[in-house]
Amino acid sequence: MKISIPQAAPHVRNPGRVPSLMTTVLIALSPITLFAVYQFGWPALNLIGLCLLSALLFEILCLYSTGKPLDTYILDGSGMLTALLLALSLPPHAPWWIAICGSGFAIIVGKHVYGGIGQNPFNPAMLARVALLLSFPVEMTHWTQAAPLLSTAAPSFIEGLQITFQSSTAFDGLTAATTLGQLKTDLSQGLPLQQLTEQYFQPLDSSLGLTAGSLGETSSLLIAIGGLYLLRQRIFSWRLPTSFLGSLLLLSTTAWILAPEIYASPLFHLTSGGVMLAAFFIVTDPVTSPCTRRGQLLFGTGCGALTFVIRTWGGYPEGVAFAVLLMNAMTPLIDHYVRPRRYGRSRTGTPIKRPLWRRIREFFYTQPKSPSSGSDK
Amino acid sequence: MKLFGFRGGVHPEALKQHTADHPISTLPLPAALYLPLQQHVGEPAEPEVSPGDYVYKGQLLARSQGQISAPVHAPSSGTVVAIDEFPAPHPSGLPVKTVILETDGKDHWSPAWTTPTDPWSLRPEEIAREVGLAGVVGMGGATFPSAVKLGQSLQYPIHNLIINGSECEPYLSCDDRLMRERAPQLIDGIRLTAHALQAKQATVAIEDNKPEAFAAMSAAAKGINQLNVIRVPSRYPMGWDKQLIRIITGREVPVGARSASIGVCVHNVGTVYAIQQALCAGTPLLSRVITVAGGAIAKPQNLEVPVGTLVSEVIKYCGGLNEEPARLVMGGPMMGQIVPHTGVPLVKGSSGVLALTAREVDDGPERPCIRCRRCVEACPVGLMPVEMAARLRADDIDGAVDYGVQDCIGCSCCSYVCPAKIPLVQYFNYARGVLDCRQTATRKAQQTREMALARQQRLASQQAARDARKAAKTEDKAKNNTKNNIKNTRPASKNPDRPASGDDAGTQHKGAAANIIATDSRVTDIPLQSEQLS
Amino acid sequence: MITAVTLLTLIGTLLGLGLGAVNRYLPVKEDPLRESLSALLPGTQCGQCGYAGCRQAAEALAEGTASVNLCPPGGPLLVQQLGSILGREEDSSDAGSRTPVLAWVNPDLCTGCTKCLRECPTDALVGAAKQLHVVLDDACTGCGACTDVCPTEGISMQEVPLTLTNWHWPNPQHQDSGPPKQGAV
């Protein structure tokens, strides 16, 4: 028997692998995906399918052009995850080219330009979403009232195809604003907030997902279930979602208590828009968030605070994507400065000091003995 | 007893059940033993025997040299066949100087050998000396000469002696069996060690997945003051000495300091057993208990083997191999070293032989890092393996040093949990190897620079001396000339303007001679310098 | 208008003061590059680089007229260090292929002429007239100065053999085979 290459320890490994991690996240996303299809019908299914398929093609294109082995990388699931997250953040009746542009941007510019999986500084799905929002504001803010699949109000299969591929307005879907968008518009018209929220914000509907919004951002409850599953599977630590939601909650509560007529309630903030999806699936993206525990707390807190700031004072109704991207940019900095304390060292890296009493005792310690040693000279 | 918290660690599957329930059996004496002269940290031992010599069991084969070193003894009687280069139990498979002993099967002790009278009457420094003479080294794998550790009580007051019975490595159960079967000897060894260190108390730490060993040790320790047997949680790397110190005392050993500096000393149970054997039975370290396990071994078990037995002998005794192993490991699967083939000897620090199948190794293709930070969570030291590996991938060793790669203990937790199967530990081993080489090179450069400077100064002073002589000579000649010119008159004044071509030639000739003399004197100087070097 | 002028003046003054203060209190040492370079070089003045001594070689390096692999005694380590200090990594690409060497006296050829003894910059060669000379490995820098003067060509440079003490793990990234590398083509 001859082993030519020395391989370092360990000689046993944990069975976890990257593809299985990705699969677990995809499983956690499945309830909200199914719910999106149920709620928004055929157009939703079309969009999700388009995103996944085009992401796969773009992925193959990138891997082929960079000369990386297709078999290893194509099945690692990271591209699928990005595409699904992007699809879930699109408006249900978005046209086909939005989906393709989005996944192309996410895969090529968001990921492979930086060197592929693990190298991207920004969350690809969020990057694509922001790019789409800035480039095609009309299509990206065209929201429709939820119309459950097979209900009378829902578009049929043919109508679904028309919506997605012909940008047809033939289907008489009820357009509706998201709660966040509505709030922004009405507040700018100087209407009192109290009245507005009572009018269109029902916390229960909002948590269950019976409102208008992006495909996968409506049902906070289902997202939370998926997130808790991931937490249980130890895919991510509790620190990121908790600090994100915590800082958003804290800021919104403070503002709400101080001036309830201008600032929306914390419950409103938590259950509307992409907050829940971001808390469990975007902020927790390992590639673009810090490695250390304290770094993660810092990152999550920053995301929450920025979300609140952009939502409240910014020009866009929804700020999660911007907040996450801004904090992504901070991640290398956080990882550089926030490091765990090493054994036997202080936080600054200097050796820890021994207790004073021990040094004093040593000073007076004498054991009158010959200087024996291990040598047997 | 209250335990303190600690950081990191992983939970590998223990897989000890195949070996832990069988009693230790003894390997029949092999026909030949291969005893490397360096089985320990520090200077290699110096051979005391020559090829052809007949040696008795327990006879000194090589004596220790230097402060940190350990002697090597003959594990059985027989003839020294050769003292030659032989493959070392090391991943590189490079050769090391080895005493090759052909055993005669008689296992004769030297006629002069006697059992010690009363180890309990020995003074602490005598215990340390005896242990040093017996060649005892750290048996947990560190192979640091135990006598050096025992001698530390001279510098530091030791408060707590911690006996490491955690055996956190998967597969291995040799310490477990030792504690179950030889608890009374171990307790004696602990008491002697504690006496040598003048330790106030001793604590035996056993992982809670070894209830039988805990029961046996508790029973044996009953009624002994200041000797606690405690259970610690099963979590790798519980057996890292500094981890144990943190858990038991709540304190950390400062970087660069020895654990004795905070009043703690950690010894492995195997070491304590060897100490007891050396002091009470007068037996130097001749054999050790090892675990032979792994999916490819037909009959996994614990064996007491003489030091120097070839791995192939051990595997043969254990029924051979079921299948071709993917990796042959000496030690545990987490920190053990891969060995290139079965033709390498077992040494004092070998705690096991594992023949692992590909299924057990479970080493998938390496994928890119997704920064899942499991390595950061698992690192017991508090390093960021993800960042260090990213820098080392680009050969940026200084960048990795900035992230503390020099503090890495090589426990393999990070590689174990890595879902991308990145050989993180090898990256860090590589970095530490390069750092070591750099340090050696820098030290050598510093020394050679000093030597070069000394030489330049010496040449300069020789030149100066030559010049002075020449000047004196010129003066002399001038005087003589004056004398010749002005006979029987008083000495004349100096005549610097006078050309002195003939003199110059003479001085040059003398100068060359002086140079040769200087060369000779340098020859005698040099050994001194080289001693400083080594 | 006046506000803007005042403001700019103020800013300019403040920045100027700041610069002055930095210059005053955080002085840059005189040519730290040359210092650090000559600290890295062996200092044995063997002259193999073609310069009179190590200081001159350091100056040439600092000016950029010399290659980072000019110094044979320094070995690959020095090439790497110089390369990283001077930011000339491309020159150090062949560093890995050069292993450190030591002088070795062939006992069959040595006549005991002591010529090499005089040449060695670190006194690493020992011996006496008409006696076999020996190289002290710990003191030899591998500069090769002795090989040139040996009348019998009895001194050669030998690669330092790989032993357990100088072996170290290879970088997995450069290991010839084994697990596929990250981003492998």
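**Brief notes about the overall build of chain B**
Scanning chain B from terminus to terminus reveals 16 helices and 17 strands. A compact globule built from 534 residues should have a C-alpha radius of gyration of about 24 Å, whereas chain B, at 31 Å, is more than 25% larger. Taken along its principal axes, the extent of the C-alpha atoms in chain B is 110 × 65 × 50 Å.

**What about the overall build of chain A?**
From N to C terminus, chain A includes 18 helices and 0 strands. Residues counted as buried form 50% of the 377 residues belonging to chain A. Residue pairs at least 24 apart in sequence account for 75% of intrachain contacts in chain A once pairs closer than 6 positions are excluded.

**Description of the domain arrangement of chain B**
All names here are of chain B. Looking at chain B, the domain boundaries give domain 1 (25-29 + 123-312) and domain 2 (364-465). For domain 1 and domain 2, the distance between their C-alpha centres works out to 31 Å. Listed by partner, the interface residues are 5 residues for domain 1 and 5 residues for domain 2.

**Here we look at the environment of Ile-190 of chain B**
Residue and element names in this part refer to chain B. Following the sequence through the fold, Ile-190 ends up in helix α5 (residues 183-197). For the pair Ile-190 and Lys-444, spaced 254 residues apart in sequence, the C-alpha to C-alpha distance is 42 Å. Ile-190 has contacts with Ile-163, Ala-202, Val-204, Leu-227 and Val-272, leaving out every residue within four places of it along the chain.

**A few points about the interface of chain B and chain A**
Listed per partner, the contact involves 83 residues of chain B and 50 residues of chain A. Here the element with the most residues in the side of chain B that touches chain A is helix α2 (residues 124-133) of chain B; it accounts for 6 residues. Counted by class, the side of chain B that touches chain A contains 46 nonpolar, 21 polar and 16 charged residues.

**A few points about the sheet that holds strand β4 (residues 54-55) of chain B**
Residue and element names in this part refer to chain B. Pairing within the open sheet is antiparallel, and its 4 strands lie in the order β2-β8-β7-β4. Taken across any chain shown, the strands that pair with only one partner, and hence form the sheet edges, are β2 (32-36) and β4. In the sheet, β2 pairs with strand β8 (residues 95-103) via 5 bridges, with the strands oriented antiparallel. Note that in β8 the partner of Pro-36 across the bridge is Thr-98.

**Some thoughts on the nonpolar core**
A general feature of soluble globular proteins is that nonpolar side chains tend to end up buried together. If you look at the biggest cluster of nonpolar residues, it comprises 238 residues, and the most contacted ones within it are Leu-47, Ala-87 and Val-324 of chain A together with Met-217 of chain B. With 10 residues, helix α1 (residues 18-40) of chain A is the single largest residue contributor to this core. Counting the residues that make up this core, at least three belong to each of domain 1 (25-29 + 123-312) and domain 2 (364-465) of chain B. Other than its neighbours up to four places away in sequence, Ala-87 of chain A contacts Leu-47, Ile-48, Cys-51, Ala-99 and Leu-215 of chain A.

**Observations concerning the packing of helix α2 (residues 42-66) of chain A against helix α4 (residues 78-88) of chain A**
All names here are of chain A. Where α2 contacts α4, the two axes come as close as 9 Å, and the packing angle between them is 145°. Crossing handedness for the pair α2 and α4: right-handed. Of the residues in α4, those in contact with Leu-47, Ile-48, Cys-51, Leu-52, Ala-55, Leu-56 and Glu-59 of α2 are Gly-79, Met-80, Thr-82, Ala-83, Leu-84, Leu-86 and Ala-87. Grouping the constituent residues of the contact of α2 with α4 by class yields 11 nonpolar, 2 polar and 1 charged.

**A look at the pairing of strand β9 (residues 160-165) of chain B**
Residues and elements named next belong to chain B. For β9, the tally of buried residues reaches 6 of 6 residues, placing the bulk of the element in the interior. One ladder, built from 5 bridges, connects β9 with strand β12 (residues 264-268); its direction is parallel. Residue Ile-163 lies in a different strand from β12, and its bridge partner there is His-267. As paired elements, β9 and strand β10 (residues 201-207) share 6 bridges and run parallel to each other. Among the inter-strand pairings, Leu-161 is bridged to a residue of β10, identified as Ala-202.

**A short note on helix α12 (residues 220-232) of chain A**
Residue and element names in this part refer to chain A. For α12, built from 13 residues, the straight-helix expectation of 18 Å at 1.5 Å per residue is met to within 8% by its first-to-last C-alpha distance of 18 Å. Among the residues of α12, Ser-220, Leu-222, Ile-223, Gly-226, Gly-227 and Leu-230 are the ones counted as buried. One side of α12 carries all its buried residues, which in axial view fall inside an arc of 170°.

**Description of the sheet that holds strand β13 (residues 287-293) of chain B**
Residues and elements named next belong to chain B. The 6 strands lie next to each other as β1-β14-β13-β17-β15-β16, forming an open sheet whose pairing is mixed. Lying at the two open borders of the sheet, with one neighbouring strand each, are β1 (25-26) and β16 (337-338). The pairing of β13 with strand β14 (residues 301-306) spans 6 bridges and is classified as antiparallel. The residue of β14 that forms the bridge with Arg-288 is Val-305.

**Thoughts on the environment of Leu-70 of chain A**
Residues and elements named next belong to chain A. Counting through the fold element by element, Leu-70 comes out in helix α3 (residues 70-74). Measuring from C-alpha to C-alpha, the distance between Leu-70 and Ile-225 comes to 34 Å, with 155 residues separating the pair along the chain. Excluding anything up to four places from it in sequence, Leu-70 contacts Ile-60, Leu-63 and Tyr-64.

**Remarks on the pairing of β10 of chain B**
Residues and elements named next belong to chain B. Taking burial as the measure, the 7 residues of β10 include 6 buried ones, the bulk of the element. As defined by bridge partners, β10 adjoins strand β11 (residues 227-232) across 6 bridges and the pair is classed as parallel. From the neighbouring strand, Thr-203 faces β11, where its bridge partner is Asn-228. Since β10 and β11 lie parallel, the crossover through helix α6 (residues 211-221) that links them has a hand, and here it is right-handed.

**Points about α2 of chain A**
With 25 residues, α2 of chain A extends 36 Å between its outermost C-alpha atoms, agreeing within 8% with the 36 Å of an ideal straight helix rising 1.5 Å per residue. Positive phi appears at Gly-67 of chain A, one or two residues downstream of α2 of chain A, with a value of about 75°.

**Considering unusual backbone geometry**
Residue Pro-10 of chain A is bonded to the preceding Ala-9 of chain A through a cis peptide linkage, with omega at 0°. Topologically, Pro-10 of chain A is positioned in the segment before α1. The linkage connecting Tyr-236 of chain B with the following residue, Pro-237 of chain B, adopts the cis geometry, with an omega of -5°. Residue position: Pro-237 of chain B is located in the loop between β11 and α7 (241-249).

**Some words on the confidence of the model for chain A**
Note: predicted coordinates in regions of low pLDDT should not be interpreted at a detailed level. Per-residue confidence for chain A averages 83 on the pLDDT scale, and 84% of its residues sit at or above 70. Note on residues 368-377 of chain A: pLDDT under 50 across the span, and 32 contacts to partners over four residues away in sequence or across chains.

**Considering the packing of α12 of chain A against helix α15 (residues 275-282) of chain A**
Residues and elements named next belong to chain A. Two elements in contact, α12 and α15, have axes separated by 9 Å at closest approach and are oriented at 15°. When the axis of α12 is compared with that of α15, the two are roughly parallel. Both α12 and α15 take part in a crossing whose hand is left-handed. Contacts between α12 and α15 involve Ser-220, Ile-223, Ala-224, Gly-226, Gly-227 and Leu-230 from the former and Met-276, Leu-277, Ala-279 and Phe-280 from the latter.

**Overview of the environment of Glu-475 of chain B**
Among the structural elements, Glu-475 of chain B can be located in helix α15 (residues 424-485). Each C-alpha atom, one on Glu-475 of chain B and one on Gly-165 of chain B, is 84 Å from the other, the two residues being 310 residues apart in sequence.

**Digging into the confidence of the model for chain B**
Residue and element names in this part refer to chain B. Across chain B, pLDDT averages 86, with 90% of residues at or above 70. Per-residue pLDDT stays below 50 along residues 491-534; that stretch engages in 41 contacts with residues further than four places along the chain or on separate chains. Overall fold confidence for the complex sits at a pTM of 0.84, while the interface term, ipTM, reaches 0.86.

Conventions used here
- Residues numbered from 1 in each chain as written.
- Chains lettered and ligands numbered in written order.
- Predicted model: local features only at pLDDT ≥ 70, side-chain atom pairs only at ≥ 80, totals over all residues.
- Helix = DSSP H or I, 4+ residues; strand = E, 2+ residues; numbered from the N terminus.
- Rg over C-alpha atoms; globule rule 2.2 N^0.38 Å.
- Buried ≥ 20, exposed ≤ 12 C-beta atoms within 10 Å, placed from the backbone.
- Contact = placed C-beta atoms within 7 Å.
- Domains from an automatic or database assignment.
- Nonpolar A, V, L, I, M, F, W, Y, C, P; charged D, E, K, R; others polar.
- Pairing = 2+ DSSP bridges.
- Core = buried A, V, L, I, M, F, W, Y, C linked by C-beta atoms within 7 Å.
- Axes fitted to C-alpha atoms, helices over the stretch in contact; angles between N-to-C directions.
- Left-handed = near helix turned anticlockwise from the far one by under 90°.
- Expected span 1.5 Å × (residues − 1).
- Arc of directions from axis to C-beta.
- Right-handed = clockwise from strand over helix to strand, strands pointing away.
- pLDDT = per-residue confidence, 0-100.
- Parallel < 35°, antiparallel > 145°, perpendicular 65-115°, else oblique.

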